[in-house]
Amino acid sequence: MNATIIFVLLLLLMLTGMPISISLGLTVLTFLFTMTQVPIESVALKLFTGIEKFEIMAIPFFILAGNFLTHGGVARRMINFAAAMVGHWHGGLALAGVLACALFAAVSGSSPATVVAIGSIILPAMIKQGYPKGFGAGVITTSGALGILIPPSIVMVMYSVSTNTSVGQLFMAGVIPGLMLAFLLGLTTWFLARKHNYPRMPKASWGERFTAFRKSAWGLLLIVIVMGGIYSGMFTPTEAAAVAAVYAFVIAVFVYKDMSLKKVPKVLLDSASMSAMLLYIITNAVLFSFLMTSENIPQAMASWIMDKGFGMISFLLVVNILLLLAGNVMEPSSIVLIMAPILFPVAMKLGIDPVHFGIIMVVNMEVGMCHPPVGLNLYVASGITKMGITELTVAVLPWLMTMVAFLLLITYIPEISTWLPNLIYK
């Protein structure tokens, strides 16, 4: 009964158009103060302890690093390198876009940042070369989603905070699925480009490829520093985020010199406002999670599922449907922070690996970012391409189908996610 009241109240507040973070907070406060005896001090304490975790510090640092890289010419050099490597194949520039998104994802941790950084440069170039606008938009919208699967990933940090799963293991678990999805999106792009005979670029010589690599090496080195540092145990994911932010600043301002010192305060301000927004969602989601636990809702849900005889296969199917539906109305951070504490105890009871479950959630978030009505990547791509959301939705369909097929693969073959972390952390 209490669970019904809580979710109906949350839904009603969200339907008024109120931001999700405020809806969460108001739901919790309304329920606690009218239907329970929980003292007000415990709410204040929970708000404070909710964002006291060391792992949360990784979020503002990765946002800052991503912003420096977006404004600092790193994306352009990555695109040039990717074009030199795969530009001579069918749909060369589009394939370069997929590869550049995968490379940029490995340094930014954010999908919208990847779409903006790569899309704003490569889309005008594709249109100039004679590609249909819809094709270019479809490639970049979906490939940009790699930003949250290829580590480092802000969404993975949020899942870790919600479920106390190791961030390092999650990052390692994202490597193989991330590369697989990049390959499948590239394959879809190549197939469509070959079918419609889209333009190819002249084949770059090895000398040109080496020059493009040398120019983009400073940006690519960040991947080695972050992943190598975490993998070798030199620093934690949170410390890696701080190193990434400082390194990205040095690269953008002093090495590539694409960004003047005058622009730094604006980048800091943008990063601070985005971090504040995410931290505000986290605090309210922590409160919501506290309410769920105090009302025993996850435990009751786990018992109900076990009593109904749900097996692992049917439970994971229900989880995918639930998360894809949530992706229709919410953005990834909110979904992870609300759903993870509820679904995680059930998954543990059924013997599902916590790291594998995290990757399933992240891939669901990726799909959610590319379909309406709240697909964040669609809105970002719409801003770049000046296309309507309906038109964009049709454009992304072939890649979206590929992502859904990949989701099923990830869901039912846990070894794709767990092999690498088990190898490293055993």
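Keep in mind that what you see is a predicted model, and the values were worked out from it rather than measured. (Residues numbered from 1 in each chain as written. Predicted model: local features only at pLDDT ≥ 70, side-chain atom pairs only at ≥ 80, totals over all residues. Heavy atoms only, no water.)

A. The environment of isoleucine 313, seen in detail. The topology assignment puts isoleucine 313 in helix H15 (residues 312-326). As for isoleucine 313 and serine 273, which are separated by 40 residues in sequence, their C-alpha atoms are 41 Å apart. (Helix = DSSP H or I, 4+ residues; strand = E, 2+ residues; numbered from the N terminus.)

B. Structural detail: the packing of helix H6 (residues 92-108) against helix H11 (residues 206-232). Contact pair H6 / H11: the axes reach a minimum separation of 8 Å and the direction vectors enclose 55 degrees. By the angle between their axes, H6 is oblique relative to H11. By crossing handedness, the relation of H6 to H11 is classed as left-handed. Of H11, the residues touching H6 (which contributes Leu103, Ala106 and Val107) are Gly219, Leu220, Leu222 and Ile223. Split into classes, the residues belonging to the contact of H6 with H11 amount to 6 nonpolar, 1 polar and no charged. (Axes fitted to C-alpha atoms, helices over the stretch in contact; angles between N-to-C directions. Parallel < 35°, antiparallel > 145°, perpendicular 65-115°, else oblique. Left-handed = near helix turned anticlockwise from the far one by under 90°. Contact = heavy atoms within 4.5 Å. Nonpolar A, V, L, I, M, F, W, Y, C, P; charged D, E, K, R; others polar.)

C. Broad picture of a nonpolar patch on the surface. A cluster of nonpolar residues, Trp218, Leu221, Val224, Val246, Val250, Phe254, Val255 and Leu261, forms a patch on the protein surface that exposes about 700 Å² of accessible area. Contributions of two or more residues to the nonpolar patch are made by H11 and helix H12 (237-255). Here the nonpolar patch gets 4 residues from one element, more than from any other, and that element is H12. Within the secondary structure layout, valine 250 lies in helix H12. (Patch = residues over 30% accessible without salt bridge, like charges linked within 9 Å, V, L, I, M, F, W, Y side chains within 5 Å. Areas by Shrake-Rupley, 256 points an atom, 1.4 Å probe, with all protein chains shown as cover. Salt bridge = Lys/Arg side-chain N within 4 Å of Asp/Glu carboxyl O.)

D. Just the environment of leucine 181, in detail. When you line up the elements, leucine 181 lands in helix H10 (residues 167-196). Between the C-alpha atoms of leucine 181 and leucine 149, which are 32 residues apart in sequence, the distance is 9.1 Å. Apart from the residues within four sequence positions on either side, leucine 181 is in contact with Leu146, Leu149, Glu366, Met403 and Phe406.

E. Highlighting the pattern of salt bridges. Here the structure, examined in full by the defined rule, presents 3 salt bridges. The salt bridge partner of aspartate 258 is arginine 76, with a shortest N-O separation of 3.5 Å. With aspartate 258 in the loop between H12 and helix H13 (264-294) and arginine 76 in helix H5 (residues 74-86), this pair connects stretches of sequence that are 182 residues apart. Residue class for aspartate 258 comes out partly exposed when judged on its relative accessible area of 27%. (Buried < 20%, exposed > 50% of the residue type's maximum accessible area, 1.4 Å probe, protein only.)

F. How the structure looks around the side chain of serine 216. Mapped onto the fold, serine 216 is located in helix H11. Setting aside chain neighbours within four positions, we find serine 216 in contact with Arg77, Met78, Phe81 and Tyr256.

G. Empty space enclosed by the protein, seen in detail. Counted according to the given criterion, the structure contains 1 cavity of 30 Å³ or more. By volume, the largest cavity amounts to about 40 Å³. Residue lining of the largest cavity: Leu323, Gly327, Met330, Pro332, Ile335, Asn364, Met365, Gly368 and Met369, and that is the complete set. Contributing elements (two or more residues each) for the lining of the largest cavity: helix H16 (332-349) and helix H17 (354-368). Top element by residues in the lining of the largest cavity is H17. It accounts for 3 residues. Taken together, the residues of the lining of the largest cavity sort by class into 6 nonpolar, 3 polar and no charged. (1 Å grid on protein atoms, 1.4 Å probe; cavity = no way out; pocket = protein on both sides within 12 Å on 5 of 7 lines; lining within 4 Å. Points joined across faces, edges and corners; volume = space filled by probe spheres on them.)

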